[in-house]
Structures are given as structure tokens and as C-alpha cells.
Amino acid sequence: MSVATMDAPVTQTPPLEVLDPYTGEVIARLAQNSVDDVDAIMTRARLGSSLSRGLSRFERHRILDRAARILDGRAEEAATLIVREAGKTITQARKEVRRAVTTISLSAETARAYDGEVIPFDAYEGSANRRGWFTREPLGVILAITPYNDALNLVAHKLGPAIAGGNAVILKPSQFTPLTARFLVEVLLEAGLPDEIITTVHGDRHVAQALVGVRDIRMVSFTGGFATGEAIARTAGLKKLAMELGGNAPVLVFADADIPAAVDACVSGAFWAAGQNCVGAQRILIERSVYDEFRDRFAARTSTLRAGDPRDPATEVGPMISEAAAIRAERVVDDAVRSGARVLAGHRREGSVYWPTAVENVSLSCELWSEEAFAPVVILAPFDSEAEAVAEANSIDYALHAGAFTSDLSRALRVAEALDAGGVMINDSSDYRIDSMPFGGSKYGSMGREGVRFAYEEMTQPKVTCLTT
């Protein structure tokens, strides 16, 4: 199957240069779509919708199952591409590929496991002679807009459930990581998916906005920033929206916690994927009686992390997606320092590599406290009471995950209930996730859930059939 068959038609526009974030090398040049291509994109997507709807649930299952096995067989190739294009360390990239295999496998099972329910019409007065059921039917054409930070698995989380539900997809991957998205589409085509079912589009925000407004697109599934999410919501019109718009995850560490274990988990949770992780720990709140111990252990452990070349298996923190992103991280910390913050570790930059950084005494008015850093930067702050800790954790307008460390089961359950977040991880960092669990936000910007079965439900709709006998 040629690569071109999965692409939207392209008008004459300047190509995109895809860069290695560590070396700055141009690794590919891709043709770009423009707004003029939207009609042709939609013509192809409508055909894909008809073809996808016509596949039996078993055929969808078989294609997705085969795709999972193909991806597993090409795992090292996929991991190497993630390292080269997204800058993840090779260890982290291999883990992402394993998760993507799981995501596609779960999608294969979902294709034939969740088809609806019998409705007990005869349980209600006046309906004794009625029997029926509901099925879950495809929405039609879904626009999937994906980010760079999990360039393979987050694409899998949109394509897998959409295909399982019998939909067609217009895939608009990040301009930073289009090659990894294309790789997964190639795998699905190799597994037997009719090529019109996925249309891959490359282009700027104008192309995305033009597609968002198309009436025949029945759902937009978007993972990215709040500003873009708000723009999508203003343009979309009457269609389903599912959005994961980022976080600023709090982690609470109580005095009765296993402090060394909490430090290890929080270091991983803060700096995985160079901190470009929407559920990564950003604000670690520590009970005052153990604050000094936790801070000193955390700063020491952070200082030992090896940053640099993501191809080196010994590297623990790779580059950020671009030098501009690393410069922004450096600036945000500089601003906090000017407001009185103290650097405990890191705050060093070379090109796109920003060393893992821990700070304390951060003012609540600083951008670093109130906004998502999306960088290898973490704040440490003490608290004096459970109520104070929960209030500080909940003080941000949006939330994905939170974490809490304690040996007191009653406190764990109480805090889990009080934290306003889409998920609360007890005795683990906020960044824990498996691909079958419901995943999404709380408070502002919370729209829908990912996690294969839950995304499948978002991407399908119930249809009732009632028989009168």
C-alpha cells in the first residue's frame, strides 16, 4: 500500500520540514494541505464513512487485532521513529509503543464486545407486548487532532475506538510529529483497513479550523491546549466535542507516607517525557513536618538525572519538542525566581534540552503555579493541614489527575473524594494511567473521556429497535 493513498489531496503549498528536536536536523519534508483542499478531503471522508459503517464488527475486530500484531512486530522501528521525531528517550519510546499495541488490542476487543443492550419494554405498563434493544451505531466522520507528546499512543487512542465503532477519521496530527502518526496509519492499512477510512491531513491551524466548521463532521476529538480548544468550541457548531486540554497536577504527600517511595514516584511523574506530560506532577504539596526530608531527597535525586541525547539508553530526560519550548520553560522559571522562588535543582538549558528543575517558595501569582508548565519543572511547597492541602490542590481552574501519598486508608479515601480531578492516584504519582481506564478532566474544559471503551461510547450513539408482537 503506497503512503500516498492515506493522504488527503494536496494543493500546491510549501512543504513542512520535520525536525529532530535534539539535533535540529531536517528528517522529512511533507506536502501541506490548505483550506482549498477541504472539499476534496470531505469527499474522501464521506466515502470512508460509508465503507467503515459497512464493515461487520468482526471485520473491524480482525483488522484492529492484525494491526496490533503488526505494530508489535515493528515495535523497534516505531520506537526509533518516536525518538527521532519527538525526542523521547529510547526507553520511554519503547514503553509508548507497548502501550499503543495495548490500545489497538483493546480497540479490537471493543469492536465486538460492546454492541448495546436488551431494553425491558414489558417491564412498564402498556408495553407488555413489546420487545427491543439498542445498538451502538457510528457517528460518521470524526476529526481527530492529536498532539506531539505521545505521538503514537494518543493517535491510537483516537483511531482505534473510532474504527471499532464503524467511523471514518480525518486525522490531523501535530506538525511536530506527523511521521509517527503516518506510521500507525500505514500499519492499519497493512492490516487490511480500507484506505479511505482514514484521511491524513497536514497543515496549519487555518486548515484545522476550516475542517472543524464542516457540518458533515459529527465529532471533533482534540488533545491539546486551552486556547486551541476554545477556538474549536467557538467554530464547531452542532457536533460532539471531546477534548483533553491539559492539567497542572497536584500531588499531596502526608507525613505518614513512605517518603523514599514517594520521592521516587514523584521524580518519575514530574520528569517523564521531559515533563511534556499532561498528567505529570507539577505541584508537590508536602506536610510541613516531613517537608525538609522530602525536599532534600527530591532535589538530590533530581540532580542525578541524566539529560541529553535521547538515543543513549543511559539518558533519562531527553530534549523538549523544540528549542522554543525549552526557552519558554527557562523563562517561566526565571520569572518565578524574580518573584522570590528558590531553585533546588536544574534550571540549565542547552538548546532544546532543559535539565529537570525543582523549585520552592513559588508565589501563587506566578505563571508557574497557575498554568500548565508542560516542561521538566516541578514546584515543592509545604502544608499544615489536610484541608489546606486539598484547597491548594483544587485552586486551579482545570484538572486531569492528582496524587496522594499516605498510609492512612481513611485519609486516602477522604482525600480522593475531596480532590476535584478526573483521576486520583493513591500512593503513586499523578501520571499513572492504563489505557483501558476512563481518562479526562474535571472543572473547566472537561469534555468527554478517553480510554478505549469510553472513547468508543463517545464515538458512537445508541439506536433503539422496538418490536410490537
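Residues numbered from 1 in each chain as written. Predicted model: local features only at pLDDT ≥ 70, side-chain atom pairs only at ≥ 80, totals over all residues. Heavy atoms only, no water.

Keep this limit in mind: UniProt positions are given in the numbering used here, feature names are shortened, and annotations may be inferred rather than shown by experiment.
Looking at an unreviewed UniProt entry, one finds the protein chain named Aldehyde dehydrogenase family protein, with Microbacterium croceum as its source organism. Turning to the protein chain, the UniProt annotation filed under Sequence similarities (unreviewed entry) states: "Belongs to the aldehyde dehydrogenase family."

**Quick word on the overall build of the protein chain**
Rules: Strands here mean DSSP runs of E at least two residues long; helices mean DSSP runs of H or I at least four residues long; both are numbered from the N terminus. As defined in this context, the radius of gyration uses C-alpha atoms, and a globule is described by 2.2 Å times the residue total to the power 0.38. Contact definition: two residues touch when any of their heavy atoms are within 4.5 Å. Under the convention used here, a 1.4 Å probe and the Shrake-Rupley method define accessible areas, while residue burial counts only the protein chains that appear.
Within the protein chain one finds 15 helices and 21 strands. Over its C-alpha trace the protein chain gives a radius of gyration of 23 Å, about what one expects of a compact globule, namely 23 Å for 469 residues. C-alpha extents for the protein chain along the principal axes are approximately 70 × 65 × 40 Å. Sequence separation of at least 24 residues holds for 72% of the intrachain contacts in the protein chain that already meet a minimum separation of 6. Summed over its atoms, the accessible surface of the protein chain is roughly 18,700 Å², and 51% of this surface lies on carbon and sulfur atoms.

**Considering the sheet that holds strand 4 (residues 130-138)**
As a reminder of what qualifies: Strand pairing is assigned whenever DSSP detects at least two bridges linking the two strands. Note on definitions: angles span 0 to 180 degrees between N-to-C directions of axes, and those axes are lines fitted to C-alpha atoms, for helices only across the stretch in contact.
The strand order across the open sheet built from three strands is 3-4-21, with neighbouring strands paired in antiparallel fashion. Each edge of the sheet is formed by a strand with only one pairing partner; in this case those strands are strand 3 (116-119) and strand 21 (460-468). Ignoring strand direction, the axes of neighbouring strands in this sheet form an average angle of 20°. Bridge count for strand 3 against strand 4 is four bridges, and the pairing is antiparallel. Its bridge partner lying in strand 4, Gly116 is registered against Thr135.

**Looking at helix 7 (residues 205-212)**
Each α-helix winds once per 3.6 residues, and so residues spaced three or four apart point in a common direction. Condition: Relative accessibility under 20% of the residue-type maximum defines a buried residue, over 50% an exposed one, and the middle range a partly exposed one, all with a 1.4 Å probe and only protein chains included. In this description, the arc belongs to the directions extending from the helix axis to the C-beta atoms. Counted as a polar contact is a pair of N or O atoms within 3.5 Å, where, for protein atoms, one must be capable of donating a hydrogen and the other of accepting one, and residues adjacent in sequence contribute only when both atoms are in side chains.
Residues Val207, Ala208, Leu211 and Val212 constitute the buried set of helix 7. Taken down its axis, helix 7 places every buried residue within 135° of arc, on the same side. Close packing links the buried residues of helix 7 with helix 1 (38-54), strand 5 (141-145), strand 6 (168-172), strand 8 (217-223) and helix 8 (226-236). Where helix 7 starts, the residue carrying a side-chain oxygen 3.0 Å from the main-chain nitrogen of His206 turns out to be Asp204.

**A short note on the state of the cysteines**
Here is the rule we go by: In what follows, a disulfide is any cysteine sulfur pair within 2.5 Å.
This model, assessed by the stated rule, comprises zero disulfides. Free cysteine Cys278: the closest other cysteine sulfur is in Cys266, separated by 17 Å. Take Cys278: its relative accessible area is 10%, and that puts it in the buried class.

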